[in-house]
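Okay, here's what each chain looks like letter by letter:
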Amino acid sequence: MTPPLPFRPVAWTPLGGVRALDQTRLPDEERWLDLDTLDGVADAIRSLRVRGAPLIGIVAAMGLAGEVARAARGGVAGAALRERLDAAAALLAATRPTAVNLRWALDRLLTRAAATPDNGLADALRAEAQAIWDEDLAMGAAIGAAGLDLVPDGALVLTHCNAGALATGGMGTALAPVYAARAAGRTVRVIADETRPLLQGSRLTAWELARAGIDVTVITDGMAASRLARGDVACVLVGADRVAANGDVANKIGTYGVALAARAAGVPFVVALPASTIDPATPNGAAIPIEERHAAEIAAAPGARVWNPAFDVTPASLVTAYLTDRGRIAPADWPAFVAALCGAPAPAATG
């Protein structure tokens, strides 16, 4: 049974732009943004008004399609239209360096553009952006099905950051098994780490779960290890912004610490992701670029320096399983799985 969508955080505007829920205003205000300019889309992604690796890719694709459509309506054609397309893609690609879905989605539109004549370019790019969104909806359902047995009736799940409906165009990645379990009639409870520095867990995960009628408890990041040690958490479910060819996982800062605590407590640590989050060109976690946020996001005494990375890398050796839209993958099988996706020899697995 495919669970109903909690809600959709994105839509097309009447002008062919992007309508997106402003996630910086949650949980206090449900404010929607009509992003009918390229700069507006780029700023929304950069400022985390739109966030979550799959959703960033969807919104970037929609924003690029909208920019080309506006240019075509304004009489831009031929080489000038192609130059406008390339410049817009470069601007959007620079907004967030860690999440691989952004570049993946833009590359899909550029590939489609290269095979499309000028007079059909705007329509083709909108269709490709919509296809990315539609595939994301199916992806969430597939991940939910792949992880359904991890969430038996009465299960308690711990998650970090937000990898639910707010992070995607559909039902999410890490929260997809939770929504699937609920649709199957099971009782499930969730512990959400607040997730520093922008509180994506306490503001976003807790908001969407409570909105869906799912029992959710918020804890601070520093409490996760103690909570896992109690022995009643069935599994940890997290999403990912990029997964390297060897299975190392880049996710919101603090994920690595949760993985270490889960290993110490004997709790399965499971990463949920669509195939579009896999980066076969990145051999391991050390090669993943880590975005650093502005120091002002962390309260600190005057004169104190601030280190504010947005992500950390969890080694593949700490991952119990990967839930993908292609099924559940064991860590030992990950390199071969990635090789099959990209048609290349399998890289060496990490120990």
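If you're wondering where the values come from, they're calculated on a predicted model, not measured in any experiment. Each chain carries its own residue numbering, running from 1 in the written order of its sequence. Residues qualify for local features only when their pLDDT is at least 70, as the model is predicted, and side-chain atom pairs are given and counted only at 80 or more; totals for whole chains, interfaces and linings, by contrast, use all residues. Where side-chain values are given, they derive from all heavy atoms of the structure, hydrogens and water being excluded.

1. Overview of the sheet that holds strand S8 (residues 242–244)
The strands making up a sheet are joined through hydrogen bonds of the backbone, oriented either antiparallel or parallel. Reading across the sheet, the four strands line up as S11-S8-S9-S12 and stay open at both edges, with mixed pairing between neighbours. The open sheet has two edge strands with one neighbour each: strand S11 (278–279) and strand S12 (311–314). Here, a strand pair is defined by DSSP locating no fewer than two bridges between the strands. Put simply, DSSP H or I for four residues or longer makes a helix, DSSP E for two residues or longer makes a strand, and each gets a number counted from the N terminus. Across four bridges, strand S9 (residues 249–252) lies against S12 in antiparallel orientation. In the strand pairing of S12, Ala250 is matched with Val313.

2. Regarding helix H7 (residues 200–211)
A rise of 1.5 Å per residue sets the reference length of H7, with its twelve residues, at 16 Å; its end C-alpha atoms lie 15 Å apart and thus fit the reference within 8%. Among the twelve residues that make up H7, nine are buried, leaving the element largely enclosed by the rest of the structure. Using a 1.4 Å probe on the protein chains alone, a residue whose accessible area is under 20% of its type maximum counts as buried, one over 50% counts as exposed, and one in between counts as partly exposed. All buried positions along H7 are accounted for by Gln200, Gly201, Arg203, Leu204, Thr205, Ala206, Trp207, Glu208 and Leu209. Only heavy atoms enter the contact rule, under which two residues are in contact if any of them lie within 4.5 Å. Check the buried side of H7 and you find it contacts strand S2 (18–21), strand S4 (155–159), helix H6 (176–183), strand S5 (188–193), strand S6 (215–219) and S9. A helix is expected to span 1.5 Å for every residue after the first.

3. So, unusual backbone geometry
Put simply, Leu26 and Pro27 share a cis peptide bond, and its omega is 5°. With respect to the helices and strands, Pro27 occurs in the loop between S2 and strand S3 (32–35). Pro197 follows Arg196 through a cis peptide bond whose omega is 0°. In this fold, Pro197 is placed in the loop between S5 and H7. The residue Leu48 is not glycine, and still its phi comes out positive at about 70°. In this structure, Leu48 sits in the loop between helix H1 (38–46) and helix H2 (53–73). Look at Leu48 and you get buried, because its relative accessible area is 7%. The phi angle at Cys161 is positive, at roughly 65°, despite the residue not being glycine. Residue position: Cys161 is located in the loop between S4 and H6. A relative accessible area of 6% means that Cys161 is categorised as buried.

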